Amino acid sequence: MNKRRGWRTFKVFLMFVLFASPFFKEDTPYFIDAMLKIPHCRLGIISMDPLDNLEPRLRQQLAAHWRIQDILDPAQLEWAARELTRVHGPAHRLLAINEQIQVPVAQVREVLGIEGMTADTVRGFRDKALMKERFRKANIPCARSCAARSAKEAWAFVEEVGFPICVKPVDGAAAQSTYRVTSAEDLQDVLRARDPSNGQPLQLEEFVTGQEHSFESFSLDGKRLWHSLSRYIPTPLDVMRNPWIQWRIVLPKEIDSKQYDDISKVNQKALKALGMQTGMGHMEWFRRKDGSLAVGEVGCRPPGAQLITITNRAHDFDLFTQWTRLMVLGQFEAPKERKYAAGVASLRGMGGGRVKSTHGLDRVLYEYGDLITDYKVPQVGQAASITYEGEGWVILRAKE
C-alpha cells in the first residue's frame, strides 16, 4: 500500500451573525465578547447606540455595525439586516437578548429566511394573554386572566374574580407599568390613565400570593438540556410598592431535590406549550401557601437582574458563552455541579431624582468580604432606577 503525502485542501466556513441590541449596557458587552470568540464567526451589530459607546476592544473586532432610530420597528430592523447581508453575505443567525425586541427580530428572521423560532412562537412568549391561553389549553397551572380591550371587559373580569387583581400591559417586562389593584377606585384610576383598546389591551390577572421563584432552562431542538432555579425575596411587585425594600434573589445549592420535581415537570410542559425550540427560557412561578403552583410568565431570552452572573458564580461557569454557543452552533456544555449557594441584593435608594450619597460600603465589605464576588456601587449623580433592580447590587456565594 503506497502512502502518499501531498497538499490537503481545507474549507473554512465563515459565519455571519447579526446581533440586535438597543443599547450597549449592562450584560450586553459580555454576550458580544462571547460571540466574537466563536471561531470563524463574523459579527454584525444593529443598535440604536453609536459604535463609540462600545468599548474599543470589542468594536475593533466587529465585522459591521448599523445604527437605526427605532429598533422596535420591524421595517428599520429589516432594512439594517438587508443592507448588512448585502455587503457581508447571508446571515447565519439573527439574535437578541432584550425582551421587548424578540418579536420584531423573529419577524425579520422569517422575512430573510434566517433560522430561528417563528414570530408566532415568540409572540406566545411576549403576549401575556396569548401565553395564558396556550397554558390553559395545556392544563398548565396559572392565574385566571383577561386581555381587556375596554373598561367594560375589565369590570366584567373583576366581577368574576374579585379584588385584588394584577394589571399590566400584555407585552410588559420587569414589572414596569404593573399594578396591584385592590379596589374599584384603584381600578378606575388605572383605566383613566391607560384606557384599554383593541390596539392596546390591558392584561388583568387574578392576584397570586405565595413564594415567587424563577426557573431558567436551556433547550436544543425542543429538548430541555439543563435547568437552574431561584427564589425572589420578596416578590418584585411588593418591591415596587415599597421603595425601602432591598430586593434579593437566592439560588439554593440543591436544585434537584424532590421539592422541585413538580415545578420541573410543569416547566417542561410550559416550554412545550409555547413551542420552545432552541434557546434559553426564563420562567417566573409561584408556590402558594397550600403548596400548589402557578406559572406567572415565561421569556425566551436570557434573564436580567444579574441572574446570569449569580448563576455563573454558583457553578464557576460562563453562561454568556454557553448561551452564545447554543444559539450560534447548537452546542451546550452543562455545568457538572452547583458548587455554591449564591444570591444578589439590590441597592435601592429612597425617593426619586438622583443619587446624593452612599453609606456603609466599608462595613459591608468588612463583614461579608469573603463571600462577595461582585458589586456595583451606586454613583453620585446617577438617576433613580425605575425598576426593582435599583441603582446598584452586591453578589455573594457560599458553600453552605
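What counts, and at which threshold
Positions within a chain are numbered from 1, following the residues in the order the chain's sequence is written. Local features are withheld for residues below a pLDDT of 70 in this predicted model, meaning they are given only at 70 or higher, and side-chain atom pairs are given and counted only at 80 or more; totals for whole chains, interfaces and linings count all residues. Excluded from the side-chain calculations are hydrogens and water; all other atoms, namely the structure's heavy atoms, are used. A pocket here means an open set of points on a 1 Å grid, computed over the protein atoms alone, that has protein on both sides within 12 Å along at least five of seven lines. A cavity is instead a set of points where a 1.4 Å probe fits but cannot get out; residues with an atom within 4 Å of a point line either one. Grid points are joined across faces, edges and corners, and a volume is the space filled by probe spheres set on the points. Residue type decides the class: Asp, Glu, Lys and Arg count as charged, Ala, Val, Leu, Ile, Met, Phe, Trp, Tyr, Cys and Pro as nonpolar, and the leftover types, Gly among them, as polar. Stacked, tilted and edge-to-face are the three classes applied to pairs of Phe, Tyr and Trp rings, where Trp contributes its six-membered ring and a pair requires centres within 6.5 Å; stacked means planes under 30 degrees apart, edge-to-face means over 60, and tilted covers the rest. Working definition: helices are DSSP H or I runs of at least four residues, strands are E runs of at least two. Numbering for both runs from the N terminus. Here the term buried applies to any residue with accessible area under 20% of the maximum for its type, exposed to any over 50%, and partly exposed to those in between, with areas from a 1.4 Å probe on protein chains only. Each ring is checked for a lysine NZ or an arginine CZ that lies within 6 Å of its centre and within 35 degrees of its normal; such an atom marks a charge sitting over the ring. When DSSP locates at least two bridges between a pair of strands, those strands are taken to pair. Simply put, an axis is a line fit to the C-alpha atoms, just over the touching stretch for a helix, and the angle between two N-to-C directions goes from 0 to 180 degrees. We count a salt bridge whenever a side-chain nitrogen from Lys or Arg sits within 4 Å of a carboxyl oxygen from Asp or Glu.

A look at empty space enclosed by the protein
Once rolled over the atoms, a probe with the size of a water molecule shows which space is left empty.
Point 1. In the structure shown here, the tally under the stated rule is 1 cavity of 30 Å³ or more.
Point 2. Considering only enclosed or pocket space, the largest cavity measures out at about 30 Å³ in volume.
Point 3. Around the largest cavity, the lining residues are Trp-247, Ala-305, Gln-306, Val-344, Ser-346, Glu-389 and Trp-393.
Point 4. For the lining of the largest cavity, the class distribution of residues is 4 nonpolar, 2 polar and 1 charged.

Examining the packing of aromatic side chains
Pairs of aromatic rings are described using the distance from one ring centre to the other and the angle between the two planes.
Point 1. Scanning the entire structure with this criterion turns up 9 aromatic pairs.
Point 2. Seen in terms of ring centroids, Phe-218 and Phe-332 are 4.5 Å apart; in terms of plane orientation they differ by 20°. Their pairing is stacked. Of this pair, Phe-218 sits in strand S9 (residues 211-220) while Phe-332 sits in the loop between helix H12 (319-329) and strand S14 (341-347), and the two are 114 residues apart along the sequence. When sorted by exposure, Phe-218 lands in the same class as Phe-332, which is buried.
Point 3. Through pairs of rings, three or more aromatic residues link up here, namely Tyr-30, Phe-31, Phe-320 and Trp-323.
Point 4. Taking the ring centre of Tyr-340 as reference, the NZ or CZ of Arg-397 above it sits at 4.0 Å.

A look at the sheet that holds strand S7 (residues 179-181)
The strands that make up a sheet are held in pairs by hydrogen bonds between backbone atoms, and each pair lies either parallel or antiparallel.
Point 1. An order of S5-S8-S6-S7 is seen for the 4 strands of this open sheet, with the pairing classed as antiparallel. In this open sheet, the two edge strands, each paired with only one partner strand, are strand S5 (145-148) and S7. Along the sheet, successive strands turn relative to each other by an average axial angle of 25°, direction set aside.
Point 2. For S5 and strand S8 (residues 202-206), the ladder comprises 4 bridges, and the chain directions are antiparallel. Bridging from a neighbouring strand, Cys-146 pairs with Leu-204 of S8.

Looking at the pairing of strand S16 (residues 392-398)
Point 1. Strand direction decides the pairing type here: S14 and S16, joined by 7 bridges, are antiparallel. Of the residues in S16, the one forming a bridge with Gly-343 is Leu-396.
Point 2. Bridge count between strand S15 (residues 372-376) and S16: 4 bridges; the pairing is antiparallel. What sits directly across from Tyr-375, in S16, is Val-394.

As for the pattern of salt bridges
Point 1. Applying the stated criterion across every chain, the model contains 22 salt bridges.
Point 2. Between Asp-120 and Arg-134 there is a salt bridge, with its nearest N and O atoms 3.3 Å apart. Taken as a pair, Asp-120 in helix H5 (residues 119-126) and Arg-134 in helix H6 (residues 128-137) lie far apart in primary sequence, 14 residues in all.
Point 3. Asp-120 sits in the partly exposed class, given a relative accessible area of 42%.
Point 4. As a salt-bridge pair, Glu-297 and Lys-168 come within 3.3 Å of each other at their nearest N and O atoms. Of this pair, Glu-297 sits in strand S13 (residues 293-299) while Lys-168 sits in strand S6 (residues 165-169), and the two are 129 residues apart along the sequence. Pair check on accessibility: Glu-297 and Lys-168 agree, each one buried.
Point 5. Here the salt bridges do not stand alone but share partners, grouping Asp-33, Lys-37, Glu-55 and Arg-57 into one network.

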